[in-house]
Amino acid sequence: MPKRWILMLYLAVLVGGSLLLGGCGGATPVATPTATRTPMLAVTDTPLAPTLTPTARPTNTPVASPTAGAMVVTPFPPDVNPLTGLRVADAALLDRIPIAIKVSNSPEVRPQSGLGAADLVYEHYAEGGITRYTTVFYANEPEQVGSVRSGRLIDLEIPAMYHALFGYSGSSAGVKERIRRADLFPDYIAAPDFGVGQPYFYRVPQAGKAFEHTLFSNPTVLRELAEERGINERPDFPMTMAFSERAPVGGEPVTYVEVNYLPGSCTAEWAYDAARGLWGRSVAGRTHTDALTSEQITAANVIVVYANHVYTDILEDTWGGGHMSIEVQVWGQGPVLIFRDGLMYPGVWKREQRDAMLTFYYGDGTPLPLKPGNSWLQIVPLDTVSKEVGEGQLELNPPKM
């Protein structure tokens, strides 16, 4: 791997300086200071502001776009899923609300149900070094998703990005209060601690699994709830991702990506399968399968999103001395690494209004296209360290949070 890419990976996680994104529209945001682990101010009764403020930005300038290529850009045809760039058999499948569901990544719940059918999966730190998933389903409706677990502060953002109904099992008192005061509440929130139980959430007892790992749901029943609430309709996304069947020129060959959140427990490992044109997923050295199909989970795109992580004054739990809730600031802009077709592309992610999804750009502001298909987004702190562990093999080591 050329030295310029190694330097790019290290520079991508530094904070401060300026990054000019010509052609993206709007003024370049002002950088904020580097995140610290100082707790935020206590939650008050003041309503949460729906507007966004930018987070810290990288010092690197990602490469300019090579050529426009054959990109699919907005507006999409009515039968193209804007979350995957794939055509659906019936455009009516997209005349409904996306569904986001919180899923556990505790080792004892693997293999989970329904992950392989998600259009998008966000993996992020919960606390204590472990990770959790927020899944987004639009075109597909697996028969079961779970196990369903509690929400985190990042779940104030992801459902807003995709205009989704969010299903989860509950939250800490501080997060619950934040959700109660958010613009998502009450219509776009579905959880037992807000009175939403059966049939939208149900228990599937399993031998050897603790009670908290037995809660499940699925997009079909949650859409029925959305229909009752009058919100089951096609979203009008203000910004959408770009897609291209053909890989852009200029990518650096990378066939293995490892995000080492918690060694031996929560390590996301992606190996490129050239025969299928997909990335195959393993966790902590073991093939990650979907319980519904017994097949390995795959992704057309693996997207490493560098974002500001800030500890808050919200107590999530008391085990091991207690852990504070983490605010993952997925707004403004920041560095991104996109892996598709066995190639790596450094760029910039942007989200500058609350109801906009993350979108991806080259350094000159040209959209950086994804491969049509599903995507896994690995969210890491800005100070994540990168190193090459073999030819075309990249290891990312986030600081434990």
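Just above, that's the structure.
Conventions and cut-offs
- Residues numbered from 1 in each chain as written.
- Predicted model: local features only at pLDDT ≥ 70, side-chain atom pairs only at ≥ 80, totals over all residues.
- Heavy atoms only, no water.
- Helix = DSSP H or I, 4+ residues; strand = E, 2+ residues; numbered from the N terminus.
- Buried < 20%, exposed > 50% of the residue type's maximum accessible area, 1.4 Å probe, protein only.
- Contact = heavy atoms within 4.5 Å.
- Areas by Shrake-Rupley, 256 points an atom, 1.4 Å probe, with all protein chains shown as cover.
- Pairing = 2+ DSSP bridges.
- Core = buried A, V, L, I, M, F, W, Y, C linked by side-chain atoms within 4.5 Å.
- Phe/Tyr/Trp six-rings, centres within 6.5 Å; stacked < 30°, edge-to-face > 60°.
- Lys NZ or Arg CZ within 6 Å of the ring centre and 35° of its normal.
- Salt bridge = Lys/Arg side-chain N within 4 Å of Asp/Glu carboxyl O.
- Polar contact = N/O pair within 3.5 Å; in protein donor to acceptor, adjacent residues only side chain to side chain.
- Arc of directions from axis to C-beta.

**Let's talk about the overall build of the chain**
Move 1: When its secondary structure is counted, the chain shows four helices and 24 strands.
Move 2: Burial statistics for the chain: of 401 residues in total, 58% are counted as buried.
Move 3: A sequence separation of at least 24 residues applies to 68% of the contacts in the chain between residues at least 6 apart.
Move 4: For the chain, the exposed area adds up to about 15300 Å²; of that, 55% sits on carbon and sulfur atoms.

**Describing the sheet that holds strand β5 (residues 145-146)**
Move 1: Taken in spatial order, the three strands make up an open sheet running β5-β9-β8, and their pairing is antiparallel. Whereas interior strands pair on both sides, the edge strands pair on one side only; in this sheet they are β5 and β8 (202-203).

**What to know about the nonpolar core**
Move 1: By size, the foremost hydrophobic cluster in this structure holds 99 residues, and its most contacted members are Y162, L222, F339, F360 and L377.
Move 2: The biggest single contributor to this core is strand β17 (residues 301-317), with eight residues.
Move 3: The residues contacting Y162, other than those within four sequence positions of it, are L83, P98, L120, Y122, V136, P235, F237, M357 and L358.

**Here's the deal with the packing of aromatic side chains**
Move 1: All chains considered together, the criterion is met by nine aromatic pairs.
Move 2: Their ring planes at 80° and their centres at 5.2 Å tell us that Y125 and Y261 sit as a pair that is edge-to-face. Within this pair, whereas Y125 is found in strand β3 (residues 120-125), its partner Y261 is found in strand β12 (residues 256-262), the two being separated by 136 residues in sequence. Neither Y125 nor Y261 differs from the other in exposure class; each is buried.
Move 3: Within the aromatic cluster, the residues linked to one another by ring pairs are Y133, W270 and W376.
Move 4: Lying across the ring of F194, K176 places its NZ or CZ 5.3 Å from the centre.
Move 5: In this structure, K350 packs its charged tip against the face of Y361, placed 5.7 Å from the ring centre.

**Describing the pattern of salt bridges**
Move 1: This structure, assessed with the given rule, holds 19 salt bridges.
Move 2: In this structure, R152 and E316 form a salt bridge, with 3.7 Å as the shortest nitrogen-oxygen distance. Taken together, the residues span a long stretch of sequence, with R152 in the loop between β5 and α2 (158-162) and E316 in strand β17 at a distance of 164 residues.
Move 3: With relative accessibility at 14%, the residue E316 sits in the buried group.
Move 4: The salt bridge partner of D273 is R276, with a shortest N-O separation of 3.1 Å.
Move 5: Among the ionic contacts, a cluster of salt bridges with common partners joins E157, D183, R351 and R354.

**Concerning unusual backbone geometry**
Move 1: Note the cis peptide between R110 and P111, where omega equals 0°.
Move 2: Along the chain, the position of P111 falls in the loop between β2 (99-104) and β3.
Move 3: Backbone geometry at A284 places phi at a positive 50°, although glycine is not the residue there.
Move 4: The residue A284 is located in the loop between β14 (278-283) and β15 (286-287) in this model.
Move 5: Classification of A284 as partly exposed rests on a relative accessible area of 28%.
Move 6: Despite not being glycine, D341 has its phi angle at roughly 55°, a positive value.
Move 7: With respect to the element layout, D341 can be found in the loop between β19 (332-340) and β20 (343-351).

**Here we look at helix α4 (residues 219-228)**
Move 1: Those residues of α4 not exposed but buried are P219, V221, L222, R223, L225 and A226.
Move 2: In this fold, the buried residues of α4 make contact with β2, β4 (131-137), β5, β6 (165-167), β7 (189-190) and β9 (215-217).
Move 3: Of the residues that open α4, the one with a side-chain oxygen 2.9 Å from the backbone nitrogen of T220 is N218.
Move 4: Following α4 by one or two positions, G230 adopts a phi angle in the positive range, close to 75°.

**Description of helix α3 (residues 173-180)**
Working note: α-helix, 3.6 residues per turn, so residues spaced by three or four point in the same direction.
Move 1: Looking at α3, one finds that the buried residues are V175, R178 and I179. Within α3, the buried residues cover an arc of 100° as seen down the axis, which keeps them to one side.

**Here we look at the environment of G373**
Move 1: With respect to the helices and strands, G373 occurs in the loop between β21 (359-361) and β22 (375-381).
Move 2: Spatially, the C-alpha atom of G373 lies 9.9 Å from that of R87, the residues being 286 residues apart in sequence.
Move 3: The residues contacting G373, other than those within four sequence positions of it, are L83, T84, L86, A300 and N301.

**Observations concerning the pairing of β17**
Move 1: Counting buried residues along β17, 15 of its 17 residues qualify, which places the element largely inside the surrounding structure.
Move 2: Relative to β19, β17 is paired through five bridges, and the arrangement is antiparallel. Each bridged residue has a counterpart across the sheet, and for N301 the counterpart in β19 is R340.
Move 3: Sheet topology note: the β17/β22 ladder contains seven bridges and is parallel. Across the sheet, residue V302 finds its bridge partner in β22, namely W376.
Move 4: Bridge count between β17 and strand β18 (residues 323-329): six bridges; the pairing is antiparallel. Considered in β18, the bridge of L315 is made with M324.

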